[in-house]
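Take a look at the letters that make up each chain.
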Amino acid sequence: MNKLIKPLVICVICATLFFSGCTENIQNSDTKNSVDKLVVAVSVLPQAEFVEQVGGDKVRTVVMIPAGASVHTYEPTPSQLKDLSKAKIYVKVGSNLDFEIVWMDDLLSVNSDMYVINSSKNIRLRTMYTGEEEHGHTGLDPHVWTSPNNAKIMVKNIYEGLVAIDPDNEETYKQNYDAYLIKLDEADARLKAALAGKKGSSFIVYHPAWGYFAEDYGLHEISIETEGKEPSAQDMQKLIDKAKEKGIKVIFVQKGFSTASANTIAGQIGGEVVEVDPLAKDYIDNLNRVSKAFEKGLA
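What counts and how
- Residues numbered from 1 in each chain as written.
- Predicted model: local features only at pLDDT ≥ 70, side-chain atom pairs only at ≥ 80, totals over all residues.
- Heavy atoms only, no water.
- Pairing = 2+ DSSP bridges.
- Helix = DSSP H or I, 4+ residues; strand = E, 2+ residues; numbered from the N terminus.
- Axes fitted to C-alpha atoms, helices over the stretch in contact; angles between N-to-C directions.
- Contact = heavy atoms within 4.5 Å.
- Buried < 20%, exposed > 50% of the residue type's maximum accessible area, 1.4 Å probe, protein only.
- Lys, Arg positive; Asp, Glu negative; His and termini not counted.
- Salt bridge = Lys/Arg side-chain N within 4 Å of Asp/Glu carboxyl O.
- Polar contact = N/O pair within 3.5 Å; in protein donor to acceptor, adjacent residues only side chain to side chain.
- Expected span 1.5 Å × (residues − 1).
- Bend = angle between axes of the 7 residues up to and from the residue.

K.L.:
Just to check I follow, could you spell out the sheet that holds strand β7 (residues 202-205) for this structure?
P.N.:
The strand order β8-β7-β9-β10 describes an open sheet built from 4 strands, whose pairing is parallel. Both outer strands of the open sheet, β8 (220-223) and β10 (272-275), are each paired with one neighbouring strand and no more. Within this sheet the neighbouring strands show an average axis-to-axis angle of 35°, counted without direction. Across the sheet, helix α11 (residues 260-269) lies against β9 (250-253) and β10, angled at about 170° from β9, the strand it touches most.

K.L.:
What's the story with the side chain of Glu221 in this structure? I'm lost.
P.N.:
On the secondary structure map, Glu221 appears in strand β8. Buried charge without a salt bridge: Glu221, with Arg126 as the nearest opposite-charge side chain at an N-O distance of 4.4 Å. Of the polar contacts made by the side chain of Glu221, one reaches the backbone nitrogen of Trp210; its length is 2.7 Å. A polar side-chain atom of Glu221 sits 3.4 Å from the main-chain amide nitrogen of Gly211.

K.L.:
Which parts of the structure should I look at to understand helix α6 (residues 98-110)?
P.N.:
One full turn of an α-helix is made of 3.6 residues, so residues set three or four places apart face in the same direction. Its 13 residues place the ends of α6 19 Å apart at the C-alpha level, agreeing with the 18 Å of an ideal helix rising 1.5 Å per residue. The principal kink in α6, of about 50°, is found at Met104. When we look at burial in α6, the residues that qualify are Phe99, Glu100, Trp103, Met104, Asp106, Leu107 and Val110.

K.L.:
Please clarify how unusual backbone geometry should be interpreted in this entry.
P.N.:
Only a minority of non-glycine residues have a phi that is not negative, and only a minority of peptide bonds are not trans. Not every positive phi belongs to a glycine, and Asn96 is a case in point at roughly 75°. If you trace the backbone, Asn96 turns up in the loop between β3 (89-92) and α6. Asn96 gets classed as partly exposed once you look at its relative accessible area, which sits at 36%. For Asn122, which is not a glycine, the phi torsion comes out positive at approximately 75°. Among the secondary structure elements, Asn122 is positioned in the loop between β4 (115-118) and β5 (127-129). Accessibility expressed as a relative area gives 64% for Asn122, which makes it exposed.

See the structure below:
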């Protein structure tokens, strides 16, 4: 964001928060049911699922990047930051996510009392590369949550953070945490069974969001987009040749990104374009949908 515009946005937001406070007493009767809940802010929707699964009816989540928005370019709205001002905890992804790199300091300036949980603590961050081969380094891969194994670590970090701030409800959080880990283990087992015969297979995606998932199940991710840029004509031909060589017939895309290149490649290889969402909130159900899509789409 322009260096002059960003501070102006923050000033407007702070003013909004100040004046909204003048009417807060009028709204108290409408918010009574949520007053006792621990307000937890998160960056992306899967994190909200993790927090709600562990926190149950003890928490209320505030999601900074809404459905369909880009984790790389989204800018929070004044109404979101008003909600953020009530949060006791911020659960950041903590894995080099562009939104957090750009906005985290400003989010904390709106609410400096928030307890910050790094949900990627103890996760090994992978490096992204251009294409399938390990060259053309493009930085750390922020999409840690697409791996069920990483999700277990994230949920553990969230559980420990909730207990640190709200120790009175530790027993409830522990029961919920244990129950959700079982669900994640079951989802992981289903994926392993579905993809058992696909180890070593390659798949093409428009945006490289599935690298951690691929590592979990012995797959190879090939990205159409490189560092946020559309491929050149030469790159497109290489992708088409690679897809033909490996028998790839499905190109995976996600909501909010262009499908033009994917459609072009699919047309050249006699394949199809299939949408899979790495940012869906219903994490377990989404893993089941993704499992079916990859099982069908992998050569």
